[in-house]
Amino acid sequence: MAVDKDTVAGIAKLARIKVDDAEQEALTKELSNILGWIDELGELDTEGVQPMTSVVEVQHSLRKDVIKDGDRQDDILKNAPESKQGYFVVPRVVE
């Protein structure tokens, strides 16, 4: 995949960085090379290779996904300056 100067200019605008014409030319080549390497990686046979989350073998401790503090709507709404039908009432910001 080739990257042109317009693409580099668009990326720079999205990133909100100033890139002059000389830098655009260099970045065009660098980004094209990076995308070329990514294309090469896509050609590799990864059948049977386990995905990695870390370069070091780590056993993550997982907790059960259990609700602990549920059903406390009334307690929470007591702190609100104003509530209505179980919801916080906030000032309108869009007219």
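Residues numbered from 1 in each chain as written. Predicted model: local features only at pLDDT ≥ 70, side-chain atom pairs only at ≥ 80, totals over all residues. Heavy atoms only, no water.

**Student:** How would you explain unusual backbone geometry if you had to name every residue and give the values?
**Tutor:** Despite not being glycine, Arg 16 has its phi angle at roughly 60°, a positive value. With respect to the helices, strands and loops of the structure, Arg 16 is situated in the loop between α1 (5-15) and α2 (21-42). Given a relative accessible area of 78%, Arg 16 falls into the exposed group. Located in the positive-phi region is Gln 85, a residue other than glycine, with phi close to 50°. Locating Gln 85 in the fold gives a position in the loop between β1 (83-84) and β2 (87-88). For Gln 85, a relative accessible area of 72% corresponds to the exposed category. (Helix = DSSP H or I, 4+ residues; strand = E, 2+ residues; numbered from the N terminus. Buried < 20%, exposed > 50% of the residue type's maximum accessible area, 1.4 Å probe, protein only.)

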